[in-house]
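Chain residues, written in single-letter form:
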Amino acid sequence: MPRSKKFRRARLIVIVLVVLLVAGVGYGGYRGVTAVRASFPEVDGTVKVAGLSAPVDVKRDANGIPQLYADTSEDLFRAQGYVQAQDRFWEMDVRRHITAGRLSEMFGDGQVDTDSFIRTMGWRQVAQKEYDTKLSPETKKYLQAYADGVNAWLAEHPGGEKASLEYAMLGAVNSGYKPEQWTPVDSVAWLKAMAWNLSGNLQEEIDRSLLAQDFGPDKIAELYPDYPYARNGTIVKTGTVNGDTYRPADGSAPSGAAPGAGTAQGAATTKALLQGLTDRIDGMPQLLGRPGQGIGSNSWVVAGSHTTTGKPLLANDPHLGPGLPSVWYQMGLHCRTASPACQFDVTGFTFAGMPGVVIGHNKDVAWGFTNLGADVTDLYLEKVTGPDTYQVDGKDEKFDLRKETIKVAGGEDRTITVRTTRTGAPLISDVSTEQQNVGKYAPNGSSAPDRGTGGYGVALQWTALSPGRTMDAVFELDRARNWDEFRAAAKDFAVPAQNLIYADGKNIGYQAPGVIPVRGKGDGSMPAPGWDSSYQWKPDPVPFTALPYSLNPAAGYIVTANQAVVDPSYKYSLTKDWEYGTRAKEITDQIEGLLKNNGKISPDDMQTLQLDNTSIMAKTLVPLLLKQRIDDPYVREAQDLLKDWNFHQDADSAAAAYYNGVWRNLLCLAFGQKFPADIRAKDNCLLVRQQDDPTKPDSSSKIVTQCGTRDPSKAQPDGGDRWTEVVRTQLDKPDSSWWTYIDSDHKEQKGLDNLLKEAMKNARQDLTSLLGKDISTWSWGRLHKLELREQTLGTDNSSIASGLVHKLLNRGPYRLSGGSAAVDAAGWNAAAGYQVDWIPSMRMVVDLNDLDSSRWVNVGGASGHAFHQNYNDQTDLWLKGKLLTWAYTPDAVEKATKHKLVLTTG
């Protein structure tokens, strides 16, 4: 996050002091270490917590994972708030400032743009409406109890005193900052951040529009190919919808039909406007990782008839952005005795700042999540006719107006005016004057109104901007005892829409939940004309009763890895931008192979499958690379690495390093060279011909250097699952125009074979510069590195002292196996380099036969305190693919307990 000038000026002094203290230099070092340790949580003894009706036991194992035992539900969640604040309050405090659009109050004027964007969307206002009008009285009680627990801890650390190392750093440059009391809405608002990062195809909608300045609909369709239904299948065999009721299929095979290619809505394309929007999205804090196509998760569940335990096994590993502390927080919430006053006995992964458990199991059922990828966002181009009016169906409509004041640490307040359409869509182009400029090349269409000098505005329609009941669903999932109660909970899970997998002692199942819009005209793949009401969403979303589900399918297993849920015969449109099913097909093939060879699947098999790093695309591409005759022995030496390669992307594999280097260069030559600057990375500069007057086709032109404008981590082609399908479809066309490229001598070349040779040559040079000339020293892990960064100060590069901050708060780099489209999905962006930018954020395997034999691991650790022993003590296990034993029953938890804290009535 960028910092204010005041923050940057003071940074060096602060960090030098902290380094000296933490390093233990003399007496000051002793005091510094003591101060750092003073922020660590009390984990033994007794602590008074105001509001408890009876004592609560907090039992922590060697990894600091807490298991809570209480007599009432409210005491349980009050204790959860207290314990999470002990471990993660800095993270919680920053998160609530993000979701409220108040980062500038902590970090100064460098956050005003981010705050403006979030205020414009109104995350906090929507969360308040959810709390006021949608959530059940019971959920409100739990949220309030959680907030009371956080505030009980905060009362012991007024103003953040002795709360964490980060508060000491912040206080040196923003001494006026004091944490406020926690509120229930602070917890609810976090759901908006989850929804933003998992909201479907917003970036694809923008990218297709930006590509339209240089490519026609047919070429864009080649960059977004149809989903390969026949090859990679769907999550469920597509059933039927009678009325508004979904009926699962009778076991018939899914249709091999592919959906028709969408048509570009030329009237809805604006280059500069959408580029401005992209810049604003790029500036958003990516708490769950970069949003967009290509990022997903794995989950699968196997019926007891196919397992060695005789009962179902369930695995899940959501793929999110890396960071410290971990995105997830592991814990157990247990009622000592089940009763109407206390109904929880659940354990799993949750988020710091939010009560309940999000993914995990109770004594009866287990569940996991992957992103459904439903298209729940649409951009609308609006004809703005005045300061408070816009045009719909030829008539002026009034914007709903509200003012937002952004307080800035060390600076003057900023006030913005938010304009919202009658459909509840905020005009996000008001955030930046850049976004108010209409692109010179935007097609208009005969029916579009005149843009005028100010251009069209752009509004965001998004299901998360309407109040929902997802917080109710979390508590309902935690208490679910069977399939019917699980589905009832899923009905309330509004955003983000997720694939939910299920298991109990006898059954396995799948349910697609979420609020998914029903559109009028248009398919959501391109920005729509807001001036035409026929493009607006229908009043009611897809009915929950019509959403796909499956219970005990004939196959005996269910795999979800962000592939298509159903085929095109399904009544409703869920999205046009599914992941392409590479991981899902590999998992399915592996399961089928295990069943064929062994007859049964074990918990060890489930764990091993999570580590499958096979490059499926390499199986297609490597034979073509080996067929190429390479005369240069320098390049041929690298080509030979591929001869006996098993396609496994192990960290110590030289062949994997070279293959991925070739893949990256292939994408750059075939696609990156041709993309407009708005899509390319900032350091990707090309020679292009530029007209003096683009509005006049016959005007004179000149050759200029044009560099990309996008943050490299979000540039295209990123090399993810979509790009494997793009390349696969083009390999059958050796003379495709995509295989025309400019070689290293700045000459135009044509043909697939020539491009493959050039990619191999360039990869040899690329890896030589990065890894050295001696290929015997090459390895994929030396390129493919992960750094776990603290997500505030640990990501800031704005001063010369930043490197010292990073050493204090960050960990790594680590050499990783895996790849973007592999089951072991250590993702990297080919347009940016080889560094890892998303990962399996946790891994779990639940054994319904013996819950104490279940396994889990987090990428970091339980603690948010940088020098605590549990800050990243699970990282090494995670890197090696190992899992911790996951104690659940009282006896198992007691046996694993290393520290016991009793919270008593205050």
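Residues numbered from 1 in each chain as written. Predicted model: local features only at pLDDT ≥ 70, side-chain atom pairs only at ≥ 80, totals over all residues. Heavy atoms only, no water.

With that settled, consider the overall build of the chain. The helix and strand inventory of the chain stands at 26 helices and 35 strands. The proportion of buried residues among the 906 residues of the chain is 62%. For the chain, long-range pairs separated by at least 24 residues make up 73% of all intrachain contacts whose partners lie at least 6 apart in sequence. Approximately 33,000 Å² of the chain is accessible, and the part contributed by carbon and sulfur atoms is 49%. (Helix = DSSP H or I, 4+ residues; strand = E, 2+ residues; numbered from the N terminus. Buried < 20%, exposed > 50% of the residue type's maximum accessible area, 1.4 Å probe, protein only. Contact = heavy atoms within 4.5 Å. Areas by Shrake-Rupley, 256 points an atom, 1.4 Å probe, with all protein chains shown as cover.)

The 3 strands are arranged β18-β12-β21 in an open sheet whose pairing can be described as mixed. Looking at strand neighbours, the two that pair on one side only are β18 (457–462) and β21 (528–529), the edges of this open sheet. Pairing analysis gives 6 bridges linking strand β12 (residues 377–382) to β18, with the strands arranged antiparallel. Across the sheet, residue Thr 377 finds its bridge partner in β18, namely Trp 462. Strand contacts of helix α10 (residues 202–211): β12 and β18, with the helix running at about 40° to β12, the strand carrying the most contacts. (Pairing = 2+ DSSP bridges. Axes fitted to C-alpha atoms, helices over the stretch in contact; angles between N-to-C directions.)

Counted residue by residue, helix α14 (residues 470–479) has 9 buried out of 10 residues, so it is predominantly covered. Along α14, the residues classified as buried are Thr 470, Met 471, Asp 472, Ala 473, Val 474, Phe 475, Leu 477, Asp 478 and Arg 479.

With that settled, the discussion passes to the environment of Gly 812. Structurally, Gly 812 is set in strand β29 (residues 811–815). Gly 812 gets classed as partly exposed once you look at its relative accessible area, which sits at 43%. Sequence separation of Gly 812 and Leu 786 is 26 residues, and the distance between their C-alpha atoms is 6.7 Å.

If you look at the biggest cluster of nonpolar residues, it comprises 235 residues, and the most contacted ones within it are Trp 462, Tyr 570, Tyr 658, Tyr 659, Phe 671 and Leu 903. The leading source of residues in this core is helix α20 (residues 654–672), at 13 residues. Dropping the residues within four chain positions of it, Phe 671 is found in contact with Leu 223, Pro 717, Trp 723, Val 726, Val 727 and Trp 738. Counting residues in each nonpolar core, the second largest holds 6 residues, with Tyr 390, Val 392, Phe 399 and Ala 425 among its members. (Core = buried A, V, L, I, M, F, W, Y, C linked by side-chain atoms within 4.5 Å.)

Under the counting rule described, the total for this entry stands at 43 aromatic pairs. Centroid distance Trp 328 to Phe 351: 4.6 Å. Interplanar angle 20°. Geometry classified as stacked. In this pair, Trp 328 is assigned in the loop between β7 (313–320) and β8 (329–335) and Phe 351 in the loop between β9 (345–350) and β10 (359–361), connecting sequence segments 23 residues apart. Accessibility assignment for this pair places Trp 328 and Phe 351 in one class, buried. For the pair Phe 671 and Trp 738, a centre-to-centre distance of 5.2 Å together with 40° between the ring planes defines the contact as tilted. (Phe/Tyr/Trp six-rings, centres within 6.5 Å; stacked < 30°, edge-to-face > 60°.)

Looking now at the side chain of Thr 389. Structurally, Thr 389 can be placed in strand β14 (residues 389–392). Given a relative accessible area of 13%, Thr 389 falls into the buried group. Of the polar contacts made by the side chain of Thr 389, one reaches the backbone nitrogen of Gly 386; its length is 3.2 Å. Contacts of Thr 389, omitting those with residues within four sequence positions, involve Val 384, Asp 396, Glu 397, Lys 398 and Phe 399. (Polar contact = N/O pair within 3.5 Å; in protein donor to acceptor, adjacent residues only side chain to side chain.)

Look at the link from Leu 324 to Pro 325: it is a cis peptide, with omega at -10°. On the secondary structure map, Pro 325 appears in the loop between β7 and β8. Although it is not a glycine, Asp 393 adopts a positive phi angle of roughly 55°. The topology assignment puts Asp 393 in the loop between β14 and β15 (395–398). In this model, His 746 sits at a positive phi of 65°, which is unusual for a non-glycine residue.

With that settled, consider the sheet that holds strand β1 (residues 45–49). Sheet architecture is open: 11 strands sit in the order β1-β35-β2-β3-β8-β9-β10-β11-β19-β20-β22, paired in mixed fashion. The strands lining the two open edges of the sheet, one partner per strand, are β1 and β22 (549–551). Between one strand axis and the next, the sheet turns through 20° on average, direction left out of account. Bridging between strand β3 (residues 66–70) and β8 involves 4 bridges; their strand directions are parallel. Bridge pairing links Gln 67 to Gly 332 in β8.

Going through the model one piece at a time under the given rule, you end up with 46 salt bridges. Across the pair Arg 78 and Asp 148 runs a salt bridge whose closest N-O atoms are separated by 3.6 Å. Of this pair, Arg 78 sits in helix α3 (residues 73–100) while Asp 148 sits in helix α7 (residues 137–156), and the two are 70 residues apart along the sequence. Owing to a relative accessible area of 9%, Arg 78 belongs among the buried residues under this scheme. Taking the relative accessible area as the measure of exposure, Asp 148 reaches 27% and is therefore partly exposed. (Salt bridge = Lys/Arg side-chain N within 4 Å of Asp/Glu carboxyl O.)

Packing of α3 against helix α8 (residues 165–173) leaves a shortest axis separation of 9 Å and a crossing angle of 50°. The angle between the axes of α3 and α8 places the two elements in the oblique class. Of the residues in α8, those touching α3 at Phe 89, Trp 90 and Asp 93 are Glu 166, Tyr 167 and Leu 170. (Parallel < 35°, antiparallel > 145°, perpendicular 65-115°, else oblique.)

Before going further, it helps to examine the packing of α3 against α7. In the contact formed by α3 and α7, the axes pass within 7 Å of each other and the chain directions differ by 50°. Our classification of the angle between α3 and α7 gives oblique. The crossing of α3 and α7 is right-handed. Across the interface between the two elements, Ser 73, Glu 74, Phe 77, Arg 78, Gln 80, Gly 81, Tyr 82, Gln 84, Ala 85, Gln 86, Phe 89 and Met 92 of α3 pack against Lys 141, Tyr 142, Ala 145, Tyr 146, Asp 148, Gly 149, Val 150, Ala 152, Trp 153, Leu 154 and Glu 156 of α7. (Left-handed = near helix turned anticlockwise from the far one by under 90°.)

Burial of the side chains of β14 extends over both faces: Thr 389 and Gln 391 are buried on one face and Tyr 390 and Val 392 on the other. For strand β13 (residues 384–386) and β14, the ladder comprises 2 bridges, and the chain directions are antiparallel. Residue Gly 386 lies in a different strand from β14, and its bridge partner there is Thr 389. Between β13 and β14, which pair antiparallel in sequence order, lie 2 residues. Taken together, the 4 bridges between β14 and β15 define a ladder with antiparallel strand orientation. Bridge pairing links Tyr 390 to Glu 397 in β15. If you look at the hairpin formed by β14 and β15, you'll find 2 residues sitting between the two strands, and Asp 393 has a positive phi there, around 55°.

The next point concerns the side chain of Arg 519. Along the chain, Arg 519 falls in the loop between β20 (508–511) and β21. One polar contact links the side chain of Arg 519 to the main-chain carbonyl oxygen of Asp 375, over a distance of 3.1 Å. At a separation of 2.7 Å, a polar atom in the side chain of Arg 519 contacts the side chain of Asp 378. Every residue in contact with Arg 519, bar those within four places of it in the chain, is listed here: Asp 375, Thr 377, Asp 378, Gly 524, Gln 536, Trp 537 and Lys 538.

Turning to the confidence of the model for the chain, a few remarks are in order. Averaged over all residues, the pLDDT of the chain equals 88, while 86% of them reach at least 70. Confidence drops under pLDDT 50 across residues 2–13; counting only partners more than four residues distant or on other chains, this segment forms 34 contacts. Counting contacts from residues 19–32, a segment whose pLDDT is below 50, to residues more than four positions away or on other chains yields 13 contacts. (pLDDT = per-residue confidence, 0-100.)

The side chains of a regular strand alternate between the sheet's two faces. Among the 5 residues of β3, 5 are classified as buried, and the element is accordingly described as predominantly covered. Here β3 shows two buried faces, one formed by Pro 66, Leu 68 and Ala 70 and the other by Gln 67 and Tyr 69. In terms of strand pairing, strand β2 (residues 56–60) meets β3 through 4 bridges, oriented antiparallel. Counted as the bridge partner of Arg 60 is Pro 66 from β3. The antiparallel pairing of β2 with β3 creates a hairpin that spans 5 residues between the two strands, and Gly 64 there sits at a positive phi of about 75°.

To continue, consider the state of the cysteines. Per the counting criterion, the structure on display carries 2 disulfides. In this model, Cys 335 is linked to Cys 342 through a disulfide, with the two sulfur atoms separated by 2.0 Å. Sign of the S-S torsion, about -85° for the bond between Cys 335 and Cys 342, identifies this disulfide as left-handed. For Cys 342, a relative accessible area of 0% gives the class buried. Covalently, Cys 685 is tied to Cys 707 through a disulfide, its sulfur atoms 1.8 Å apart. Measuring handedness by torsion sign, the sulfur bridge of Cys 685 and Cys 707 sits at about 100° and is right-handed. (Disulfide = S-S within 2.5 Å.)

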